[in-house]
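Inside the fold
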Amino acid sequence: TVRSRWNADFVYFAVTVRDDHPERKQEAMQLWNGTSVEVFMDANQHEDLGNDFYDKDDFQLLFGPATSGAPSDLWGIAGQSGRSYLESLVMKSKKTPDGYQMEIALPREIFAQELLPGVLKAEYGAGLSAGLSIALNDRAKEEEGRKSSLIWGGTIRNYLDPSKFGTLILLP
């Protein structure tokens with residue numbers, strides 16, 4: 001289950017995953033290849049809808065849940081601008097009897113980048129829309145690496161192609 005909400009400072013996601021073996025062995029850069037949550041964003045989707053390549057406002061964020069084998073972890077890959085918001089991301093995770101829970105907070109700055117010096121692309125608040133895809137990745141107990149992915153809004157190639165992302169709209 002994935003739920004979201006927003007306030008003046010963050011867009012939040014609450015993730016609950018049922019997993020009979022929520023273990024991971026991957027280091028931060030390889031979180032996609034095991035039990036993890038990926039959030040893909042196109043913060044300026046209305047300007048570049050349909051682009052099949054990442055540009056300066058597209059992001060891939062990877063979150064590894066806390067499991068008995070590893071602490072929670074995160075890794076971010078920014079678009080062409082190379083800007084990273086890892087310092088201001090907030091993520092908490094805990095193992096549950098039947099899987100794990102995770103809370104993710106994305107800072108408003110992700111949605112308010114400058115297109116040109118001094119010119120914001122969109123005002124953060126009600127009505128703002130952005131491209132979004134979320135993937136829940138699973139690693140099987142007996143296998144190394146990712147066994148399956150449940151993807152909302154996109155394809156297994158989301159890390160390369162944002163053109164199939166769904167749309168996140170901040171409602172009042």
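Attention in this report is confined to the structure presented alongside it. Values in this document were obtained by computation on a predicted structure and should not be read as measured data.

It is worth spelling out the overall build of the chain at this point. Each helix and strand in the chain was counted, giving one helix and 12 strands. Of the regular secondary structure in the chain, the N- to C-terminal order runs β-β-β-α-β-β-β-β-β-β-β-β-β. A buried classification covers 48% of the 172 residues belonging to the chain. Taken as a whole, the chain presents about 9000 Å² of accessible surface, with 53% of it coming from carbon and sulfur.

We now examine the pairing of strand β2 (residues 10–18). Residues of β2 alternate between two faces, with Val11, Phe13, Val15 and Val17 buried on one and Phe10, Tyr12, Ala14, Thr16 and Arg18 left unburied on the opposite face. Across five bridges, the pairing between strand β1 (residues 2–6) and β2 is antiparallel. Following the sheet pairing, Val2 is matched in β2 by Val15. Both β2 and strand β7 (residues 99–107) contribute to a ladder of nine bridges, which runs antiparallel.

With 27 residues, the main nonpolar core has Val37, Val39, Phe63, Ile104, Leu106 and Phe111 as its most contacted residues. Only β2, β3 (36–42), β4 (58–64), β7 and β10 (129–139) provide two or more residues apiece to this core.

Quick look at the pattern of salt bridges now. For the coordinates displayed, the defined rule picks out one salt bridge. Asp98 is paired through a salt bridge with Arg18; the nearest N and O atoms lie 3.6 Å apart. Placement of Asp98 in the loop between β6 (90–96) and β7 and of Arg18 in strand β2 is noted, with a sequence separation of 80 residues between them. Look at Asp98 and you get partly exposed, because its relative accessible area is 41%. With relative accessibility at 73%, the residue Arg18 sits in the exposed group.

Mapped onto the fold, Ile134 is located in strand β10. For the pair Ile134 and Val39, spaced 95 residues apart in the sequence, the C-alpha separation amounts to 4.7 Å. Excluding residues that lie within four positions of it along the chain, Ile134 makes contacts with Val2, Phe13, Val37, Glu38, Val39, Leu150, Ile151 and Trp152.

The next subject is the side chain of Ser133. As for its position among the elements, Ser133 is in strand β10. On the accessibility criterion, Ser133 (0% relative accessible area) is buried. There is a polar contact of 2.6 Å between the side chain of Ser133 and the backbone oxygen of Gly153. A distance of 2.8 Å separates the side chain of Ser133 from the side chain of Asn158, its partner in a polar contact. Dropping the residues within four chain positions of it, Ser133 is found in contact with Glu38, Val39, Phe40, Ile151, Trp152, Gly153, Gly154, Asn158 and Phe165.

So, on to the sheet that holds β1. Within the open sheet, the four strands sit side by side as β1-β2-β7-β6. Their pairing is antiparallel. Edge strands, defined here as strands with exactly one partner in the open sheet, are β1 and β6. Adjacent strand axes in the sheet meet at a mean angle of 10°, parallel and antiparallel pairs treated alike. Where β6 meets β7, seven bridges bridge the pair, whose relative direction is antiparallel. Within the sheet, the bridge partner assigned to Met91 lies in β7 and is Ile104.

With respect to the helices, strands and loops of the structure, Asp73 is situated in strand β5 (residues 73–78). For Asp73, a relative accessible area of 26% puts it in the partly exposed group. Considered as a pair, Asp73 and Lys92 are 19 residues apart in the sequence and their alpha carbons are 9.1 Å apart.

The rules behind the values
- Residues numbered from 1 in each chain as written.
- Predicted model: local features only at pLDDT ≥ 70, side-chain atom pairs only at ≥ 80, totals over all residues.
- Heavy atoms only, no water.
- Helix = DSSP H or I, 4+ residues; strand = E, 2+ residues; numbered from the N terminus.
- Buried < 20%, exposed > 50% of the residue type's maximum accessible area, 1.4 Å probe, protein only.
- Areas by Shrake-Rupley, 256 points an atom, 1.4 Å probe, with all protein chains shown as cover.
- Pairing = 2+ DSSP bridges.
- Core = buried A, V, L, I, M, F, W, Y, C linked by side-chain atoms within 4.5 Å.
- Salt bridge = Lys/Arg side-chain N within 4 Å of Asp/Glu carboxyl O.
- Contact = heavy atoms within 4.5 Å.
- Polar contact = N/O pair within 3.5 Å; in protein donor to acceptor, adjacent residues only side chain to side chain.
- Axes fitted to C-alpha atoms, helices over the stretch in contact; angles between N-to-C directions.

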